[in-house]
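Breakdown of the fold
Chain by chain, the residues run as shown.
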Amino acid sequence: MPIKNWLRIMNSYTTVIEEGDVEKLRSILSARGFAFSEKAYAYYSAKKEKLHVTVYEKGPKVLVQGKQTEEFVKFILEPEILGEALLGNEEVYMPEMFEPHFGVDESGKGDFFGPLVIAGVYTERESARALLDAGIADSKRVSSQKKIVELSEKIRSTPGVVWECISLRPEKYNELYVKFGNLNRLLAWGHARVIAALAAKVPQCPRALSDQFAREEVLLSAMKYQGAAVEHIELQQRTKGESDIAVAAASIIAREAFVDWVERASEKGGVTMPLGAGSSVLDAGRELVGRHGREILPKIAKMHFKTAMQI
């Protein structure tokens, strides 16, 4: 699709900014009449007409959404904050994102209730561009489960995309955690399993990328147990790995599976299981134990969290 036509339909854009630009952008938005509001995990969120701009703490990252996204990015964000024209030029500034590779990410790692889900997505030049055009972004920037489901469907139906997802239900997760004795080793094992499964589907893929979660040797050690099929794959970990389109797509597929499990388990148990590990999680855990007995907890929760002892 020509860039000119793609820009006309784009209604979502995300990019990393510098720490010093957080307040600079706030001033720019304020001067242009944006109304501010608070949002979880964000410095601030601002709205003007149908345009929404949110600056998230992690990154920091800016998420722009709405019909005026293109104009805002081209005429405000790029010239006044980014200092360069990135929109539509990703292949120039981030060429490695358009080379064949696997992107791997997980969901549920920091949540007391629910499974640990690890997903991987294979992309190359055409599928990477298609996912960008479809508005795929890191799942942490998408607040609606309905939107996560819609984006997951887009990812799976995009020509050239190959995906894999494993879900470690709490009982299996707790068993493996005891076996590995360390969350990073468990994560490395899961990442290696997903990479090996993808390599069986796309044996010519030369590289796998994930967000930084452990020392390089931890993942390399886990990969050795996957056999010769993955020996040729170059492993890369980096902070802000979700800025890569394949990693972002993997994060969405993983999040869809994780939240779906939690919602179904909540309905079955008769108690809504909140995400995260805060006070509402503690209250829900106590209510579930009160209804179903202590034996319910290892079936729905990660038992190495201190929340389990508190319950």
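The sections below set out a description of the structure shown in this document.

Conventions and cut-offs
- Residues numbered from 1 in each chain as written.
- Predicted model: local features only at pLDDT ≥ 70, side-chain atom pairs only at ≥ 80, totals over all residues.
- Heavy atoms only, no water.
- Helix = DSSP H or I, 4+ residues; strand = E, 2+ residues; numbered from the N terminus.
- Contact = heavy atoms within 4.5 Å.
- Core = buried A, V, L, I, M, F, W, Y, C linked by side-chain atoms within 4.5 Å.
- Buried < 20%, exposed > 50% of the residue type's maximum accessible area, 1.4 Å probe, protein only.
- Pairing = 2+ DSSP bridges.
- Salt bridge = Lys/Arg side-chain N within 4 Å of Asp/Glu carboxyl O.
- Axes fitted to C-alpha atoms, helices over the stretch in contact; angles between N-to-C directions.
- Parallel < 35°, antiparallel > 145°, perpendicular 65-115°, else oblique.
- Left-handed = near helix turned anticlockwise from the far one by under 90°.
- Nonpolar A, V, L, I, M, F, W, Y, C, P; charged D, E, K, R; others polar.

With that out of the way, let us pick up the side chain of H101. For H101, the location among the structural elements is in strand 6 (residues 101–107). Residues in contact with H101, not counting those within four places in the same chain, are E96, V121, Y122, T123, C205, R207, L209, D244 and A246.

A few words now on the nonpolar core. In this structure, F112, F113, I136, I155 and I300 are the most contacted members of the largest nonpolar core, which totals 40 residues. Those elements giving two or more residues to this core turn out to be strand 7 (116–123), helix 5 (125–133), helix 6 (145–157), helix 10 (245–269), helix 11 (279–292) and helix 12 (297–300). Once you skip the residues sitting within four places of it in the chain, I155 turns out to touch V121, L131, I136, V161, A249, I252 and I253. Counting 31 residues, the second largest nonpolar core, distinct from the first, contains L168, V194, A196 and L219.

Regular strands show a simple pattern: their side chains alternate between the two faces of the sheet. Of all 5 residues in strand 9 (residues 207–211), 5 are buried; the element is thus mostly enclosed. Pairing between strand 6 and strand 9: 3 bridges, direction parallel. Its bridge partner being in strand 9, V104 is matched across the sheet by S210.

A word on the environment of Y177. Note that Y177 resides in helix 7 (residues 170–180). When its relative accessible area of 22% is taken as the criterion, Y177 is described as partly exposed. With sequence-adjacent residues up to four places away left out, Y177 is seen in contact with N182, L183, L186 and H304.

Turning to the pattern of salt bridges, a few remarks are in order. Applying the stated criterion to the full structure yields 12 salt bridges. Taking the shortest distance from any N to any O, the salt bridge between R129 and D133 comes out at 3.5 Å. With R129 and D133 both in helix 5 and 4 residues apart, this pair spans about one turn of that helix. D133 shares its class with R129; the two are buried.

Below, the discussion takes up the side chain of T123. Positionally, T123 belongs in strand 7. Owing to a relative accessible area of 0%, T123 belongs among the buried residues under this scheme. Excluding its chain neighbours within four sequence positions, the residues that come into contact with T123 are M97, E99, P100, H101, A128, L131, V161, I245 and A246.

The next subject is the packing of helix 6 against helix 10. Interhelical geometry of helix 6 versus helix 10 gives an angle of 130° and a closest axis separation of 9 Å. The orientation of helix 6 relative to helix 10 falls into the category oblique. For the crossing formed where helix 6 meets helix 10, the hand is left-handed. Between helix 6 and helix 10, the contacting residues are Q145, I148, V149, L151, S152, I155 and R156 on the first element and A249, I252, I253, R255, E256, V259, D260 and E263 on the second. Its residues assigned to classes, the contact of helix 6 with helix 10 shows 8 nonpolar, 2 polar and 5 charged.

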